[in-house]
Amino acid sequence: MKKIIGWIVAIVIVIAVIVAGCISAMPDDSTHENDAEENVTSTDPIEAVIMHYEEEATKDYVLLFEFYGAMIDEEETAYRRGLLKGSESAVMDGLTDEYLDEHFVIVYVEYYVEYDNDLTPSDGGYQGRYVHMMQDEYGWWQVDDYSNQCGFKGIFCEKGTGHMSKFKYELESTEAALEALEALEDEDYILSSEVCGGDIDYTKTSEILKTETELVTERGWNHDGWIRENWTFMAIYAECYIEYDHDLVDAEDGYTGVVLWMEKDLDTGEWSCYKADTEVELEGKFID
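Conventions and cut-offs
- All residue numbers refer to position in the chain's written sequence, counted from 1.
- At least 70 in pLDDT is required for a residue's local features to be given in this predicted model, at least 80 for side-chain atom pairs to be given and counted, and no such filter applies to totals for whole chains, interfaces and linings, which use all residues.
- To get the side-chain values, all heavy atoms of the structure are used, and hydrogens and water are removed first.
- Pairing between strands is defined by DSSP: at least two bridges between them are needed.
- Helix and strand labels come from DSSP, where a helix needs a run of H or I of at least four residues and a strand needs a run of E of at least two; each type is numbered from the N terminus.
- Each axis is a line fitted through C-alpha atoms, taken for helices only over the stretch in contact, and angles between the N-to-C directions span 0 to 180 degrees.
- Residue contacts are counted whenever heavy atoms from the two residues lie within 4.5 Å of one another.
- With a 1.4 Å probe rolled over the protein chains alone, any residue whose accessible area is under 20% of its type maximum counts as buried; one over 50% counts as exposed, and the rest are partly exposed.
- Every patch collects residues that have over 30% relative accessible area and no salt bridge, joining them within 9 Å if they carry like charges and within 5 Å if they are nonpolar side chains (Val, Leu, Ile, Met, Phe, Trp, Tyr).
- The accessible surface values rely on the Shrake-Rupley method and a 1.4 Å probe; as for residues, cover is taken only from the protein chains in view.
- The term salt bridge refers to a pairing of a side-chain nitrogen on Lys or Arg with a carboxyl oxygen on Asp or Glu at a separation within 4 Å.
- A residue's pLDDT is the confidence the predictor assigns to it, expressed on a 0 to 100 scale.
- As used here, the arc is the angular range of directions from the helix axis to the C-beta atoms.

In this section: the sheet that holds strand β8 (residues 254-264). On the basis of which strands lie adjacent, the open sheet formed by 4 strands has the order β6-β7-β8-β9 and antiparallel pairing. In this open sheet, the two edge strands, each paired with only one partner strand, are β6 (190-200) and β9 (271-280). Along the sheet, successive strands turn relative to each other by an average axial angle of 30°, direction set aside. Across 7 bridges, the pairing between β8 and β9 is antiparallel. Within β9, the residue paired with V259 across the bridge is D277. In the packing of helix α7 (residues 168-182) onto the sheet, the strands contacted are β6, β7 (233-244), β8 and β9, and the crossing angle to β6 comes to about 165°.

Right, let's talk about the environment of E207 for a bit. Within the secondary structure layout, E207 lies in helix α8 (residues 202-211). Residue E207 is classed as partly exposed on the basis of its relative accessible area, which comes to 39%. Taking the C-alpha atoms as reference points, E207 and A235, 28 residues apart in sequence, are found 9.6 Å from one another.

Moving on to a nonpolar patch on the surface. Together, Y241, Y255 and L282 give the surface a local cluster of nonpolar side chains, amounting to about 270 Å² of exposed area. As for its placement among the helices and strands, L282 is situated in the segment after β9. With a relative accessible area of 36%, L282 lands in the partly exposed category.

Looking now at the confidence of the model for the chain. Looking at the chain, pLDDT values average 81 and 81% of them are 70 or higher. Taken element by element, the chain is modelled with least confidence in helix α2 (residues 29-38), mean pLDDT 36, and with most confidence in β8, mean pLDDT 95. In this model residues 8-15 is a low-confidence stretch, pLDDT under 50, and it forms 0 contacts with partners more than four residues away in sequence or in other chains. Throughout residues 17-38 the model reports pLDDT below 50, and contacts reaching past four residues in sequence, or to other chains, amount to 8 contacts.

Residues of α8 that are buried include every one of K204, T205 and I208, and no others. Down the axis, α8 shows its buried residues gathered within 105° of arc, on one side only. Exposed and oriented more than 90 degrees from the buried face of α8 are T203, K210 and T211. Contacts from the buried residues of α8 go to α9 (213-219), β7 and β8.

Here you go:
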């Protein structure tokens, strides 16, 4: 009888060990999702790319890093999907045509980087890259390959001789502001005017956004985040010379400083002047 009981106990223990082993071998969705969150990933492919480069910028071998922008390149995505579909590598990885259509995209990025060549042989400078993004079954987008250099296209930043060249949004907002200032000459009370120059005033931009909170909320102005193409407000300081028609207005001719409140329509990408503030000190930055 004791032998039988002993055999039963042994069998129960073996079964318990097998069950425990099976349970531990089962995939844990929550663990996978937590791992995905700990890795550089997101449920949005653009955000996942930005997170990847935010982490890259903190590496010891990176001396300077400026991220200019990211966008899904539909044409390149279609081209790469065509190459992958039915290929040996896709078959080996279990990537069906349907899966590639829904869970694979190419994100084009632009940035400027300077490396410590004592730590890495990599070349720095302006970089344009195609980043291959794959989405897993849980909805997380992850970088699959970011080694594909494709040349700097200047979509988000105008390439210059140094990393301090103008961003595209800086050029566009400043140009729109100066055009608005030139339009002053069409006013009846102005006989003539000459725009001397202008540039973004980041201090004034920040000051306006912090103090004009109701207006900022109402207009939907934004000026933060890495993707500068999404910024919708900029303060431009400019200087011009104005000659008035004194029969129509009591004002002194001469040079004046102006802060133009520029806002961007994200649907059209166009900058326009919301307000021109002439009650500012003349700095003389653009007067010869």
